[in-house]
Amino acid sequence: MAPVGDASWRLDALCAETDPEAFFPEKGGSTRDAKRVCGGCTVRAECLEFALANDERFGIWGGLSERERRRIRLRQRTDLSA
């Protein structure tokens, strides 16, 4: 995996070829289209790693919503304190 500060993975991101609004839906809006794009993306893991490391609070990153990423961060904190 690329270092956290290295964003070269973005060059291969499928989301760069699609409508960015799909990745930042209105509150209560569907995330289905964005997650479908992420499902076929070769840099999905790097994208998720970037979002977690940079505390991205909005949008779909690495195929996960902000709420789903928050759960991962909470789980990581729990694992570190255990």
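See above for the structure.
Residues numbered from 1 in each chain as written. Predicted model: local features only at pLDDT ≥ 70, side-chain atom pairs only at ≥ 80, totals over all residues. Heavy atoms only, no water.

Trainee: Which residues make up unusual backbone geometry, and what are the values?
Mentor: The phi torsion at Asp-55 lies on the positive side, around 50 degrees, for a residue other than glycine. By the secondary structure assignment, Asp-55 is in the loop between α2 (44-53) and α3 (66-81). (Helix = DSSP H or I, 4+ residues; strand = E, 2+ residues; numbered from the N terminus.)

Trainee: Can you lay out the nonpolar core for me, pointing to particular residues and giving the numbers?
Mentor: Trp-9, Ala-13, Cys-41, Val-43, Cys-47, Phe-50, Ala-51 and Trp-61 together form the largest nonpolar core, which totals eight residues. For Trp-61, the residues in contact, after removing those within four places along its chain, are Trp-9, Arg-10, Phe-24, Cys-47, Leu-48, Phe-50, Ala-51, Glu-56 and Arg-69. (Core = buried A, V, L, I, M, F, W, Y, C linked by side-chain atoms within 4.5 Å. Buried < 20%, exposed > 50% of the residue type's maximum accessible area, 1.4 Å probe, protein only. Contact = heavy atoms within 4.5 Å.)

Trainee: Report on the side chain of Arg-69, specifying residues and quantitative values.
Mentor: Looking at the secondary structure, you find Arg-69 in helix α3. Look at Arg-69: it is buried, it has no salt bridge, and the nearest opposite charge is Glu-66 at 5.9 Å. A polar contact is formed between the side chain of Arg-69 and the backbone oxygen of Glu-56, at a distance of 3.1 Å. Not counting residues within four places of it along the chain, the set of residues in contact with Arg-69 comprises Leu-48, Ala-51, Leu-52, Glu-56, Arg-57, Phe-58, Gly-59, Ile-60, Trp-61 and Leu-64. (Lys, Arg positive; Asp, Glu negative; His and termini not counted. Salt bridge = Lys/Arg side-chain N within 4 Å of Asp/Glu carboxyl O. Polar contact = N/O pair within 3.5 Å; in protein donor to acceptor, adjacent residues only side chain to side chain.)

Note that all results are geometric; they support no functional claim without further evidence.
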